[in-house]
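# Observations on the three-dimensional arrangement
Here is what each chain is made of, one letter per residue.
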Amino acid sequence: MVKKACNKLIITSCSVILSAQLPAFATLIPQPDDSLSIRNGRLTAYQNTSSADTVSGKKLNRIVTANALQALQGQVAGLLVRSNSGKPGGAATLQIHGPGRFGDTTPLVVVDGLIIGQADNLNWLAPNAIETVEVLKDATSAGLYGMRGANGVILITTKKGNTGQPRVTVDLFTGVQRSNQAPQLLNSRQYVDYINDSRSNGGLIPAFKLTNQASLDTLLKTNTDWLGALFRPAPVRSAYVSVAGGNESARYLIAADYFKQDGVILGADFERLSMRLNTDFDLADNVKVGQNMTVSQSVQHANDGTSGRTPIEQALKSAPYLSITNPKRIGGYNGTTYLDASNDALNPIGLSVLTNDRQTSLNLIGDLFGEWTIFDGLKYRATLGFDLRNFDRAYSMPAFNMGEYNINLTASLARAKQTGYNTLLHHQLSYTHTLDAHSLAIVLAGSRQTYRTNDVSAFADDLPGNDIRSLTAGQSSRNRTVGGSYAFYRVVSLMGQLSYDYGRKYWLTAVLRRDGSSRFGPGHRFGAFPSLGAAWYLNKEHFMEALPYLNTVKLRASWGKTGNDNVGDFQYASLIAQNYNYPFGPTNAFLGVGAFPNTLPNPGVRWETTTLSNVGLDVTALDNSVKLRVDYFRKRTTDLLVEVPLPASVGAAAPLTNAGTIDNSGIDLSFSTERSNDWFSYSLTGFASWQKNKVISLGDRPTPVFGGLVQDERVTATAVGQPVGSYYGFQRVGIFQTRDEISKNPSLTGTEPGDIRYADLNKDGKITDDDKTFLGSPIPTFYYGFTASVSVRGVDLSVLLQGASGNQLYNANAYWLNGYQGRYNAGTEVLARWTREKPSTTQPRADASGTRNFRPSDRFVESGSYFRLKSLQLGYTLPESLTSGFGASRLRVYVGAQNLFTKTKYSGFDPEFASNQALSEGLDVAQQPQSRMFLGGIQLNF
């Protein structure tokens, strides 16, 4: 059915669709003498009407990361970059002008014209290979990508070869990472007292192991620092070598990259080896061909935890009186038993060492292109893009016994393989012409992009030995499982773009794009996405002549529509649930395998639409040494997919309907200044962004959209009038001190003195879920970045500062650190807990039998504001008179540090983390934090 539908889709659009070789944008504020021209298949003119920003590869290289997107942090106004976690090779979450939908809000990523997608964390591409990164934010830039540009676009251009003698570049560095702050946990004596107090208050039988003096004498001799044992200093090292050169008819760049990063927690590392070849050849005066290609292999050992818990969560919960190892147990590691006050925390050290999660990716990504200048001003360009990936995951677990809660009787092995094919066929015809004061550029483009994914998985346990890596070696066929899937997705488009200017004073850009996606049902697959931008260079007018120190004063505005088809496959159809038993026969004696519709269909489901509006002012002054940009933006997304609940009697889940609306608005402010002479230079750049997010409509849905599951309770809600993914729970008004106070005020069932008192917001005399309210938002209302560079006679210093404020974080770690659950270890805050002898007005009592004191509430919502010294680097470039003796044109040595200083009130590991899912953002569930890094390196050019 899918194949037939997609073939019809192709025929309908004449097999010509999706523009991927789209325009590149120049500097922060384009100069008015930029001409209308086509270079490398990209129109350079409409940058004059756009608010797009460009970051050079040189700036990106100041940040050490496996993911080039992470290096954009603190560099671009309107772009909020946060690390998903600190694990090696991990992904980053990017968000342009706030979340515009309820799902993935990641911008579209395009590398050398090839649309990579939104799920790629880009750890296959070496940051050294990047020439520029362009961030497309407004209608006349992001609108060029039509149905897939709603979240904005990240346009990456890699380095190319140039005419001249071969030039060799070598960049080497090595460093060490260390964990930052960690919470203070109870020692063995404090832990035993706390557990006994919790069980006593909860009316539970005392834990014999923790009250018997003989066993206590043994237990208290051990005081294990589980966090200290899990974290470690971790090395990082990188080597990049490139050779570039060419002549008038051929240019080339060959590069090799090696990157290795160990994790600051045991069992995690990332290693990448890649090679890149970029070439272009002039076959004739009017014909050019070339290619951009990367081959990379990465191997990542992940340590994300088991049983839904991260290793850090296990370490926080573990009893300090237990030793890490136990030679008497299979596998050699210790663990809890049922006598340990029901503490079911698993040994994070043993799991990190014994389990092996190896993930290998082999990628071939690039494009082939040809360009024909038909006559002066008219060019035709054809591109064949390809993104071929092979992913292999092997997860093995040996036999071990780490206590009664964690026993693996036999070795087990799981394998998963996935192959992905992303191919692009693109055609583009461009024309430029200038007549007197008039300049015109026209681009007509069409292409087709197809994604295919195959995956297969298998599992077997009962292996005869820990070193066996054969799935067929499992001794019991009942414990073998196999699965797999196939996915197909195609996008087709047509695009027309017109740019016009008069006298380099008035500029106009218009774009019309028509997209089709196989993700939607018949009759709803195609949509048109227009955009329009205009600019006026006021400095060209006579009334500005009195201000000669102003070089450029430009007023611009844009409006347009983009879309989003990243909504999943087959949302228009009824999904079928399989492998359910169904009774047959008069006595229901026979059970057959059945299937049923799991969701109701909605044939009318279509893309989500975002309308972008932008007004901006660009100013340059003092011989273009000072630049200022101010933008006001508004982004309204309509037709958001929302589930409208149905009665359970319907027998199937409700389909998604296009009903929601979200508004984002704000102001971006950017500035830069630079000066240089023969011996001294400096550069200062920075930005500040203010944003506001608000849900306007959920259609006919009568209740909020709940998300963010923590401890089996939903802690976020998305409702009309509130920001997306706001925290939702009870408000505290204090701690009950007496029974008389409890009797006079609403409370939860079973409340005792020392328990938290919650606000009765609806004034019904009871504390129920109806008293929950909105407690804050994970979306920053203000974020900023500042970069300073100075060089004096070969000595250079650069610093990057960045931060965010106005947002809150939900500290799920506090459920264990001071949730008073009465079986896990806790933070030292519980030493000030309420007791009859020492009543507290801030810390509740310990209670092992109730959940009253760790219900979702503002107790776990903290300020997420932070200010961070992200990068500091000091270098020295030797005089050329010293380096020329061994043929080098430049030799620079440097030392640096990352995440050196963070100012925050947040009590968790790290205030900077993200999940890229708007409905469950800002939940700190003990993911690996970012680490502090110290490094040194050398840069050499021949």
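Everything numeric here is computed off the predicted structure, so don't read it as measured data.

If you tally the helices and strands in the chain, you get 12 helices and 44 strands. Rg of the C-alpha trace for the chain: 30 Å, near the compact-globule value of 30 Å for 942 residues, within the 12% margin. Per-residue burial for the chain yields a buried fraction of 55% across its 942 residues. Sequence-distant contacts in the chain: of pairs separated by 6 or more residues, those separated by 24 or more amount to 72%. As displayed, the chain offers around 38,900 Å² of accessible surface, 57% of which is attributable to carbon and sulfur atoms. Each charge class in the chain can be summarised by its mean position, and for the 89 positive and 77 negative side chains these summaries are 2 Å apart.

In this section: the sheet that holds strand β31 (residues 705–710). Within the open sheet, the four strands sit side by side as β31-β32-β33-β36. Their pairing is antiparallel. If you trace the sheet from one side to the other, it starts and ends with β31 and β36 (773–776), each paired once. The average undirected angle you get between the axes of adjacent strands in this sheet is 45°. Bridging between β31 and strand β32 (residues 713–718) involves five bridges; their strand directions are antiparallel. Residue pairing in the sheet places G707 in a bridge with T716 of β32.

As a further point, take the confidence of the model for the chain. Summing up the model confidence of the chain, the mean pLDDT is 89 and the portion of residues at 70 or higher is 94%. Contacts from residues 1–41, a stretch scored under 50 in pLDDT, to residues over four places away or in other chains number 156 contacts.

Tracing the sequence through the fold places D104 in the loop between β5 (92–96) and β6 (108–111). No salt bridge is formed by the buried D104; the nearest opposite charge belongs to R101, separated by 5.8 Å.

So, about the packing of aromatic side chains. Tallied over the entire structure, the rule returns 24 aromatic pairs. When the centroid spacing of 6.5 Å and the interplanar angle of 55° are considered together, the rings of F259 and F270 count as tilted. Pair noted here: F259 is in strand β12 (residues 250–262) and F270 is in strand β13 (residues 269–284), with a separation of 11 residues, a long-range link. With relative accessibility at 2%, the residue F259 sits in the buried group. With a relative accessible area of 1%, F270 lands in the buried category. For the ring pair W679 and F680, a centre distance of 5.7 Å and an interplane angle of 45° mean the geometry is tilted.

Let us now look at unusual backbone geometry. At H97, a residue that is not glycine, the phi angle is positive and equals roughly 55°. Examined against the element boundaries, H97 turns out to sit in the loop between β5 and β6. Of note in the backbone geometry, R504 takes a positive phi value of approximately 55° without being a glycine. By secondary structure assignment, the location of R504 is in the loop between β21 (481–502) and β22 (506–517). Under the relative-accessibility criterion, R504 is labelled partly exposed at 21%.

Let's shift gears to the environment of V642. The topology assignment puts V642 in strand β28 (residues 626–643). You can call V642 buried: its relative accessible area is 2%. Expressed as a C-alpha distance, the spacing of V642 and Q821, which sit 179 residues apart in the sequence, is 36 Å.

Going through the model one piece at a time under the given rule, you end up with 15 cavities of 30 Å³ or more. Approximately 290 Å³ is the volume attributed to the largest cavity. Along the wall of the largest cavity there are 23 residues; nearest its centre are V64, T65, G86, Q261 and Q930. The residue inventory of the lining of the largest cavity, partitioned by class, reads seven nonpolar, 14 polar and two charged.

As a general point, the strands of a sheet are linked pairwise by backbone hydrogen bonds and lie either parallel or antiparallel. One open sheet holds the three strands; their spatial order is β40-β39-β43, and the pairing between them is mixed. Strands with a single pairing partner mark the edges of an open sheet, and in this sheet they are β40 (861–863) and β43 (923–924). In this structure, strand β39 (residues 808–811) lies alongside β40, joined through three bridges in antiparallel fashion. What sits directly across from Y810, in β40, is V861.

Our next topic: the nonpolar core. Core analysis: the largest hydrophobic core is formed by 52 residues, its most contacted members being L210, I312, Y321, Y810 and Y815. The residues contacting I312, other than those within four sequence positions of it, are L227, L230, F231, F909, A926, Q927, Q928 and P929. The next biggest cluster of nonpolar side chains, apart from the first, holds 29 residues, and it includes A68, L114, L125 and A129.

So, about the pattern of salt bridges. This structure, assessed with the given rule, holds 50 salt bridges. For the salt bridge of D112 with K160, the shortest nitrogen-to-oxygen distance reads 3.2 Å. Within this pair, whereas D112 is found in the loop between β6 and β7 (114–117), its partner K160 is found in the loop between β9 (153–158) and β10 (164–178), the two being separated by 48 residues in sequence. For D112, a relative accessible area of 6% puts it in the buried group. In this structure K160 comes out as partly exposed when scored by relative accessible area, which is 32%. R389 is the salt-bridge partner of D387, the closest N and O atoms lying 2.7 Å from each other. On the basis of relative accessibility, which here comes to 4%, the residue D387 falls in the buried class. Using a relative accessible area of 24% as the deciding quantity, one classes R389 as partly exposed.

Attention now goes to helix α4 (residues 188–201). Its 14 residues place the ends of α4 20 Å apart at the C-alpha level, agreeing with the 20 Å of an ideal helix rising 1.5 Å per residue. Among all positions in α4, only S188, Y191, V192, Y194, I195, S198 and R199 are buried. For α4, the buried positions fall inside an angular range of 165° around the axis, keeping them on one side. Each element contacted by the buried residues of α4 is listed here: α5 (208–211) and α6 (213–219). Where α4 begins, one side-chain oxygen reaches toward the backbone nitrogen of R189, 3.2 Å away; that side chain belongs to N187. The first or second residue beyond α4 is G203, which carries a positive phi of 75°.

Criteria and cut-off values
Residues numbered from 1 in each chain as written. Predicted model: local features only at pLDDT ≥ 70, side-chain atom pairs only at ≥ 80, totals over all residues. Heavy atoms only, no water. Helix = DSSP H or I, 4+ residues; strand = E, 2+ residues; numbered from the N terminus. Rg over C-alpha atoms; globule rule 2.2 N^0.38 Å. Buried < 20%, exposed > 50% of the residue type's maximum accessible area, 1.4 Å probe, protein only. Contact = heavy atoms within 4.5 Å. Areas by Shrake-Rupley, 256 points an atom, 1.4 Å probe, with all protein chains shown as cover. Lys, Arg positive; Asp, Glu negative; His and termini not counted. Charge placed at Lys NZ, Arg CZ, Asp CG, Glu CD. Pairing = 2+ DSSP bridges. Axes fitted to C-alpha atoms, helices over the stretch in contact; angles between N-to-C directions. pLDDT = per-residue confidence, 0-100. Salt bridge = Lys/Arg side-chain N within 4 Å of Asp/Glu carboxyl O. Phe/Tyr/Trp six-rings, centres within 6.5 Å; stacked < 30°, edge-to-face > 60°. 1 Å grid on protein atoms, 1.4 Å probe; cavity = no way out; pocket = protein on both sides within 12 Å on 5 of 7 lines; lining within 4 Å. Points joined across faces, edges and corners; volume = space filled by probe spheres on them. Nonpolar A, V, L, I, M, F, W, Y, C, P; charged D, E, K, R; others polar. Core = buried A, V, L, I, M, F, W, Y, C linked by side-chain atoms within 4.5 Å. Expected span 1.5 Å × (residues − 1). Arc of directions from axis to C-beta. Polar contact = N/O pair within 3.5 Å; in protein donor to acceptor, adjacent residues only side chain to side chain.

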